[in-house]
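# Observations on the model geometry
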Amino acid sequence: MYASKMCPLWPMHLIILYLLMLCPLWVLCQAAPEFLASFTADTFEMHMDDSYFVYVNITGNDLQLEDKFQVRTEIPHVATASWNSTYDITDAELDKGHFYGRIKVDCKFLGRTDMTVEASRGGAVHPVTNGTVPIVVIRPVRVIDTVFTTSVAVFVSLIFINFGCAMHWPTVTACLKKPIGPAIGLAGQYLFMPLISFGLGFLIFPDSPALRLGMFFSGVSPAGGASNIWTFILGGNLDLSLAMTSISTLAAFGLMPAWLFSLGQVVFANANIVVPYLRIGMFVIGLFIPLAIGLAMQRFTPRISAFMVRILKGFSTLLLLFIITFAIVTNLYIFELMTWQILVAGMGVPWLGYLAGYSVARLFRQPHRDALAISIESGIQNTGIAIFLLRYALPQPEADITTVVPVSIAIMTPGPMICIFIYQRIKACWGCKPSKIETQTARKSWETSHQYQRPLSPASSLPLMSNKQEENWSSSS
């Protein structure tokens, strides 16, 4: 209070000191060149592994011959940029007051980055107004992708025709009359799998909502057709597996939207989630039509049906190898995105599903064949629908980048099944055969459910048994 009375200029002296401090900065700003960049587009969308030319026009009131322009990208792993023309100011451009250049952009990988043009004068770098432009690198649609999708659809349809030939419809209806197995499978598919994918997503990807969304989409998808193939190969209850797949697919119409619009909003509240009802409907039709054809062949063309059953196991194995190999070849870029977190996520979802499905089934005293079918049905997801959902929920290239999660899940899914198959083959090579009591029990169970009568052609009426089992049972009778 006393100081303010003694100084008549108070507080004007503070303002004067502040202005004196700003004077040097004002002088420097006046000396800095002012440039304005104009690109041919506001955003450039380019394809991975391709090169593009970007044209830029830079204007300025005080262009000088020693001025040079530099170009760089924020993330070189996504794209790099370099001048395809001279970056020095010529006499003609100096007279016109603008610089016109061509930039070559090499697209390395999927993602987003910024390309920036800067001015250099006397060793000092100066920013250029509007000198930054976004670069978006996406994956082009290739012929091999279409060929892969079409061939898989055709082969899976043939597999389901074979399943129809091998299906024993009275056994399926018996499963529905006592729906303990299907109920366990449905609970595992639409209760345990969504919750475990939701929890693991937050645990493994705490800072990436997009990857959590990819994981959650995989967890809420219906069972995949591969579950039926693996159930048949490993000796599970194929009829129960087909019944559970049918129920799971139909339930997807109501349960998928319920999960997507509840926990899905928590995972990624700003995602534009679109439930692919048409895709799910096409999957249902694609499931039932081949099955109906197989059932019709079983009734009207029993000899052809018997032949289809004989080749089912070998054809199923070849189909699985084809899908895994072709999927890896057509999506090699995915492996650049693989991290230990993504690999753990790929293992965690299906493997925990297998363990939970089998444990709960055995807890409810289900036989091993049924428990194996329930376990496989619980753990295997239709990752194709998850990828389809991501394509609608996220823009490119985020959609392709995020699909690394369902792809990782698809790659890791067969691991336990392959181990079990190898164990079964080794056990068979060592000559381990079922005991006499087990054989008699299995025969009695089969005769009761199928009302067994000795056929003229054993293969046509024993669709789900191996030739070795037929010979053993025939000799024992």
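These notes cover the structure that comes with them. Here the structure is a predicted model, which means the values were calculated and not measured.

Conventions adopted
- Residues numbered from 1 in each chain as written.
- Predicted model: local features only at pLDDT ≥ 70, side-chain atom pairs only at ≥ 80, totals over all residues.
- Heavy atoms only, no water.
- Helix = DSSP H or I, 4+ residues; strand = E, 2+ residues; numbered from the N terminus.
- Buried < 20%, exposed > 50% of the residue type's maximum accessible area, 1.4 Å probe, protein only.
- Contact = heavy atoms within 4.5 Å.
- Areas by Shrake-Rupley, 256 points an atom, 1.4 Å probe, with all protein chains shown as cover.
- Phe/Tyr/Trp six-rings, centres within 6.5 Å; stacked < 30°, edge-to-face > 60°.
- Lys NZ or Arg CZ within 6 Å of the ring centre and 35° of its normal.
- Expected span 1.5 Å × (residues − 1).
- Bend = angle between axes of the 7 residues up to and from the residue.
- Salt bridge = Lys/Arg side-chain N within 4 Å of Asp/Glu carboxyl O.
- Polar contact = N/O pair within 3.5 Å; in protein donor to acceptor, adjacent residues only side chain to side chain.
- Core = buried A, V, L, I, M, F, W, Y, C linked by side-chain atoms within 4.5 Å.
- Patch = residues over 30% accessible without salt bridge, like charges linked within 9 Å, V, L, I, M, F, W, Y side chains within 5 Å.
- Pairing = 2+ DSSP bridges.
- Axes fitted to C-alpha atoms, helices over the stretch in contact; angles between N-to-C directions.
- Left-handed = near helix turned anticlockwise from the far one by under 90°.
- Nonpolar A, V, L, I, M, F, W, Y, C, P; charged D, E, K, R; others polar.

## With respect to the overall build of the chain
When helices and strands are tallied, the chain shows 22 helices and 8 strands. A buried classification covers 44% of the 477 residues belonging to the chain. Here the contacts in the chain between residues at least 6 apart in sequence split such that 78% fall between residues at least 24 apart. Of the accessible surface of the chain, which amounts to about 25200 Å², a share of 66% is contributed by carbon and sulfur atoms.

## Considerations on the packing of aromatic side chains
In total, this model carries 4 aromatic pairs according to the counting rule given. Judged by centre distance (6.1 Å) and plane angle (20 degrees), the rings of Tyr 55 and Tyr 100 are stacked. Placement of Tyr 55 in strand β3 (residues 51-60) and of Tyr 100 in strand β6 (residues 98-107) is noted, with a sequence separation of 45 residues between them. Residue classification places Tyr 55 among the partly exposed positions, given a relative accessible area of 30%. Three or more aromatic residues link up through ring pairs in this structure, and these residues are Phe 198, Phe 202 and Phe 216. Positioned above the aromatic ring of Phe 53, the side-chain terminus of Arg 102 is 4.5 Å from the ring centre.

## Looking at the environment of Ser 246
Relative to the helices and strands, Ser 246 resides in helix α9 (residues 238-260). Sequence separation between Ser 246 and Phe 288 is 42 residues; the distance between their C-alpha atoms is 8.2 Å.

## Some words on helix α6 (residues 180-204)
Over its 25 residues, α6 runs 34 Å from end to end, which matches the ideal 36 Å to within 8%, given 1.5 Å per residue. Taken as a whole, α6 carries its principal kink of about 35 degrees at Gly 188.

## Some words on the pattern of salt bridges
Applying the stated criterion to the full structure yields 2 salt bridges. We note a salt bridge from Glu 74 to Arg 72, for which the minimum N-O separation is 3.6 Å. For Glu 74, a relative accessible area of 52% translates into the label exposed. For Arg 72, the salt bridge is made with Glu 118, and the minimal N-O distance between the two is 3.3 Å. Here Arg 72 is found in strand β4 (residues 68-73), whereas its partner Glu 118 is found in strand β7 (residues 111-121), with 46 residues between them in sequence. The class for Glu 118 is buried, based on a relative accessible area of 18%. Connected through shared salt-bridge partners, Arg 72, Glu 74 and Glu 118 make up one network.

## Examining the side chain of Thr 113
Looking at the element boundaries, Thr 113 is found in strand β7. Taking the relative accessible area as the measure of exposure, Thr 113 reaches 4% and is therefore buried. Among the polar contacts listed, one links the side chain of Thr 113 to the backbone nitrogen of Ile 75, at a separation of 2.8 Å. Those residues in contact with Thr 113, other than ones at most four positions away along the chain, are Thr 73, Glu 74, Ile 75, Val 78, Ala 79, Val 133, Pro 134 and Ile 135.

## Remarks on the nonpolar core
Counting residues in each nonpolar core, the largest one holds 47 residues, and the members touching the most others are Phe 39, Ile 58, Phe 69, Ile 103, Val 105 and Met 115. Grouped together as the second largest cluster of nonpolar side chains are 24 residues, Phe 160, Met 308, Ile 376 and Ile 380 included.

## Comments concerning a nonpolar patch on the surface
Taken together, the side chains of Ile 180, Val 360, Leu 363 and Phe 364 make up a nonpolar region of the molecular surface, amounting to roughly 400 Å² of accessible area. Turning to its location among the elements, Ile 180 is positioned in helix α6. Exposure remark for Ile 180: the relative accessible area of 44% places this residue in the partly exposed category.

## Focus: the side chain of Asn 237
Checked against the element boundaries, Asn 237 lands in the loop between α8 (226-233) and α9. A distance of 3.1 Å separates a polar side-chain atom of Asn 237 from the backbone nitrogen of Leu 240.

## Points about the environment of Asp 106
For Asp 106, the position within the fold is in strand β6. Each C-alpha atom, one on Asp 106 and one on Asp 49, is 7.3 Å from the other, the two residues being 57 residues apart in sequence. For Asp 106, the residues in contact, after removing those within four places along its chain, are Asp 50, Ser 51, Val 78, Ala 79 and Thr 80. Polar contacts involving the side chain of Asp 106 include one to the side chain of Ser 51, which spans 2.6 Å.

## Quick look at the pairing of β6
The side-chain alternation of β6 yields one buried face, formed by Phe 99, Gly 101, Ile 103, Val 105 and Cys 107, and one unburied face, formed by His 98, Tyr 100, Arg 102, Lys 104 and Asp 106. Bridging between β3 and β6 involves 9 bridges; their strand directions are antiparallel. Bridge pairing links Phe 53 to Lys 104 in β6. As judged from the 5 bridges shared by strand β5 (residues 79-83) and β6, these two strands associate in the antiparallel manner. Bridge pairing in β6 places Trp 83 opposite Ile 103.

## Some words on the packing of helix α4 (residues 143-166) against helix α12 (residues 302-310)
Two elements in contact, α4 and α12, have axes separated by 9 Å at closest approach and are oriented at 115 degrees. The hand of the α4/α12 crossing is left-handed. The segment α4 lies against α12, with Ile 161, Asn 162, Cys 165 and Ala 166 engaging Ser 305, Met 308 and Val 309. Each residue belonging to the contact of α4 with α12 can be placed in one class, and the counts come to 5 nonpolar, 2 polar and no charged.

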